[in-house]
Amino acid sequence: MKNLLDDYEIDVESPDGWVPIEAYVEKGDFQEYILHMENGDSVRCNENHLFQTRLGWASAKECETFGCIDYLTKFGYMRGVVTHTDNVIPIVDIKVDHPNHRYYTNNVSSHNTGGGKSLFMCSLASDYLKQGLNVLYVTLELAEERVAERIDANLFNTPIQNLKDVDLDSFMTKIDFLKSKTHGTLKIKEYPPSTVSAANFRLLIDDLKQKEDFVPDVCFVDYLGITASARYKGAANVNSYTIQKAVAEELRAIAVEYNMLLWTAVQTNRSGFNASDFDLENISDSSGPSMSADFMLGIIRTPELDELNQTMIKQLKNRFGALDYYRKFVVGIDRSRMKIYNVEESAQSNISQDVADTRSSVSEKPSLDRYSKAKKTVNATDEWSFDD
């Protein structure tokens, strides 16, 4: 992430008027999706790019299955169709400073990047390193350098946009301090999205052990939705439920085999997007991951919480203890330093009273087990009509 406000402010047009760009995020290389509008406009993006439609916010991947639908543009709602190609293109998203988090991409209303899943995992990775644990971070979305940059910002307690300005003496001082306080080792490995599976991760872990004597206590896979299945590799006729469930099972098997903690992430579907609350049925593409996971947390963002630099965490599943122990809670979020932190107990007053009552009635904290150690598809070559 790079700050654009060093010397001047850059604004972008949106349905809410001109809004300032706070930062841009280099996401890496992805398969190309294209939104074709009836007026000739088009938007090139990846499968996760969010468009505002009459059906609500939807990703490009979801929109492709809808066929011809209405998209919000600066000229009102217009018909459009999403297709995908075999091209791989670099993706750069922007973050705007407005409660609605939206802006026009070539005249089409799009949504901010950053639901928080990668930030959450980078913050956790930093915390595990401070505890002396070895961390393996596998990224299929962000570039390897971007992940390292985020974790550095957290460990150095320095805004990410200021990392490049740290002088050598200050940098070495911070490094020496971290060496004295942090005994864990970090390894980051980047793969192209949707090209590797748990079989590749298994080979990576074995290779790191043999060549570098590195054994991970914790592994992050960023993220499940763009991880391939070793079981159904190249199976074009397998539905998304089967694929996603298989990937979740394969990742969990690795955690068991190597006796390590493994974190990954999934996205919500359009009904859960921008919602003030959601549950397991709001997981995008498939309910399969929720059946395989031992523990699931939901990250909930609202304009009110964003203004307070907070986010709400909700337990969605917990095989280690009762869900009614802190079912929901609020944490602080420092996006410039890629850090999640505890807030005052008074901040929990934003949570509904019934949750607070349930929390206060629980007297015993649950303990963790051994894992606590640490429709229609439109092809790019098809012809289509913008008529109803």
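Just so you know, these numbers come straight off a predicted model, no measurement behind them.

K.L.:
Sorry if this is basic, but what is going on with the environment of K317 here?
P.N.:
Relative to the helices and strands, K317 is located in strand 16 (residues 310-318). In this structure K317 comes out as buried when scored by relative accessible area, which is 15%. For the pair formed by K317 and S290, sequence separation is 27 residues and the distance between their alpha carbons is 7.7 Å. Setting aside anything within four residues of it in sequence, one finds K317 in contact with S290, M291, S292, A293, D294, F295, M296 and L323.

K.L.:
It is not clear to me how the packing of aromatic side chains should be interpreted in this structure. Could you clarify?
P.N.:
To describe a pair of aromatic rings, you give the distance between the ring centres and the angle between the ring planes. Scanning all chains against the criterion turns up eight aromatic pairs. Aromatic pair Y191 and F201: ring centres 6.0 Å apart, planes at 50 degrees, arrangement tilted. A residue pair is termed long-range when its members are at least 10 positions apart, and Y191 in the loop between strand 12 (186-190) and helix 5 (198-212) and F201 in helix 5 qualify at 10 residues. The class for Y191 is buried, based on a relative accessible area of 14%.

K.L.:
When you look at helix 3 (residues 144-156) in this model, what are you seeing that I'm missing?
P.N.:
Every α-helix carries 3.6 residues per turn, so stepping three or four residues along brings you back to the same face. Look at helix 3: 18 Å from first C-alpha to last across 13 residues, which is about the 18 Å you get at 1.5 Å a residue. Phi turns positive, to about 55 degrees, at N157, one or two residues after helix 3.

K.L.:
Would you explain the pairing of strand 8 (residues 76-96) in this entry?
P.N.:
Regular strands place their side chains on alternate faces of the sheet. Pairing geometry for strand 7 (residues 69-73) and strand 8, over five bridges, is antiparallel. Residue pairing in the sheet places L72 in a bridge with Y77 of strand 8. Between strand 7 and strand 8, which pair antiparallel one after the other, the connecting turn spans two residues.

K.L.:
What exactly am I supposed to notice about the sheet that holds strand 18 (residues 339-341) here?
P.N.:
For sheets, the rule is that strands pair by backbone hydrogen bonds, running either parallel or antiparallel. Strand order in the open sheet made by the four strands is 15-16-17-18, with antiparallel pairing throughout. Every interior strand has two partners, whereas the edge strands, strand 15 (295-300) and strand 18, have only one. Across the sheet, the mean angle from the axis of one strand to that of its neighbour is 40 degrees, orientation sign disregarded. As paired elements, strand 16 and strand 17 (residues 328-334) share five bridges and run antiparallel to each other. What sits directly across from Q310, in strand 17, is G332. Helix-sheet contacts for helix 2 (residues 117-130) involve strand 15, strand 16, strand 17 and strand 18, and the interaxial angle to strand 18 is about 75 degrees.

K.L.:
Before we go on, may I ask you to explain the side chain of T83 in this structure?
P.N.:
Mapped onto the fold, T83 is located in strand 8. For T83, the side chain forms a polar contact with the side chain of H36, separated by 3.0 Å.

K.L.:
Is there a simple way to explain unusual backbone geometry in this structure?
P.N.:
The phi torsion of most residues other than glycine is negative, and most of the peptide bonds are trans. The omega torsion of the bond from D222 to Y223 falls at 5 degrees, within 30 degrees of zero and hence cis. Its location among the elements puts Y223 in the loop between strand 13 (218-222) and helix 6 (240-257). Despite not being glycine, N309 has its phi angle at roughly 55 degrees, a positive value. By the element assignment, N309 lies in the loop between helix 8 (303-307) and strand 16. The class for N309 is partly exposed, based on a relative accessible area of 44%.

K.L.:
Would you take a moment to explain the side chain of T158 for this structure?
P.N.:
Turning to its location among the elements, T158 is positioned in the loop between helix 3 and helix 4 (168-181). A polar side-chain atom of T158 sits 3.1 Å from the main-chain carbonyl oxygen of F156. Every residue in contact with T158, bar those within four places of it in the chain, is listed here: A153, L163, V166, K174, S336 and R337.

About the criteria used
- Residues numbered from 1 in each chain as written.
- Predicted model: local features only at pLDDT ≥ 70, side-chain atom pairs only at ≥ 80, totals over all residues.
- Heavy atoms only, no water.
- Helix = DSSP H or I, 4+ residues; strand = E, 2+ residues; numbered from the N terminus.
- Buried < 20%, exposed > 50% of the residue type's maximum accessible area, 1.4 Å probe, protein only.
- Contact = heavy atoms within 4.5 Å.
- Phe/Tyr/Trp six-rings, centres within 6.5 Å; stacked < 30°, edge-to-face > 60°.
- Expected span 1.5 Å × (residues − 1).
- Pairing = 2+ DSSP bridges.
- Axes fitted to C-alpha atoms, helices over the stretch in contact; angles between N-to-C directions.
- Polar contact = N/O pair within 3.5 Å; in protein donor to acceptor, adjacent residues only side chain to side chain.

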